[in-house]
Amino acid sequence: MTRVLFVGQKPETVDFTDPSLPPGFNAEKIQAGIDIAETTMTERGWDGDVCMIAPDDSGIAVLAAQLARVDYDCVVIGGGLRLPPKGLPFFERVVNAIHQGAPKAAIAFNTRPQDTAEAAARWVGEYHQ
């Protein structure tokens, strides 16, 4: 069975005052997208896990622990971790934690939580040969 991890920022830790975020963005919208991501991974027959982390050392520890528990075929990194420019140093830490904890897993990027399964599909299953 294909194993996919979706890692993103905990919705309640997002700084919605950041001008780089879309207007009207809020924790409820993010959570709704995460719920859709979980559903669509399951619908594809994948064993999908969601790992929402805080943007600090504790988040990296949570991610490292999750990666140590399971061998993933693909890890999808959410836009909330990589898009706000001020978050670049933390995004680099996330990428390096994935590289260290899941060296054989493909890394994919979504554009929003709702297209997480599509991002993973580029690297597993029907699209990646």
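See above for the structure.
Everything numeric in this text was worked out from a predicted model, so none of it was measured.

*Asks:* Quick question: what am I supposed to make of the overall build of the protein chain here?
*Replies:* Looking only at helices and strands, one finds 5 helices and 4 strands in the protein chain. In the protein chain, the succession of α and β elements from N to C terminus is β-α-β-α-β-α-α-β-α. Here the C-alpha radius of gyration of the protein chain, 14 Å, is about what a compact globule of 129 residues would show, namely 14 Å. Its C-alpha atoms give the protein chain principal-axis dimensions of roughly 40 × 30 × 20 Å. Within the span of the protein chain, comprising 129 residues, buried residues form 44% of the whole. Here the analysis covers contacts within the protein chain between residues at least 6 apart in sequence; of these, 73% occur between residues at least 24 apart. In the form shown here, the protein chain has an accessible surface area of approximately 7,000 Å², with 55% of it arising from carbon and sulfur atoms. Mean positive and mean negative side-chain charge positions of the protein chain (11 and 17 charges, respectively) differ by 3 Å.

*Asks:* Sorry if this is basic, but what is going on with helix H1 (residues 27-43) here?
*Replies:* In an α-helix there are 3.6 residues to a turn, and that puts residues three or four apart on one side. Spanning 17 residues, H1 covers 24 Å between terminal C-alpha atoms, matching the ideal 24 Å at 1.5 Å per step. On its buried face, H1 sits against strand E1 (3-9), strand E2 (47-53) and helix H5 (116-121). Near the N-terminus of H1, the side chain that reaches the backbone nitrogen of Glu28, with its oxygen 3.1 Å away, is that of Asn26.

Conventions used here
Residues numbered from 1 in each chain as written. Predicted model: local features only at pLDDT ≥ 70, side-chain atom pairs only at ≥ 80, totals over all residues. Heavy atoms only, no water. Helix = DSSP H or I, 4+ residues; strand = E, 2+ residues; numbered from the N terminus. Rg over C-alpha atoms; globule rule 2.2 N^0.38 Å. Buried < 20%, exposed > 50% of the residue type's maximum accessible area, 1.4 Å probe, protein only. Contact = heavy atoms within 4.5 Å. Areas by Shrake-Rupley, 256 points an atom, 1.4 Å probe, with all protein chains shown as cover. Lys, Arg positive; Asp, Glu negative; His and termini not counted. Charge placed at Lys NZ, Arg CZ, Asp CG, Glu CD. Expected span 1.5 Å × (residues − 1). Polar contact = N/O pair within 3.5 Å; in protein donor to acceptor, adjacent residues only side chain to side chain.

Just geometry here; none of it tells us what the structure is for.
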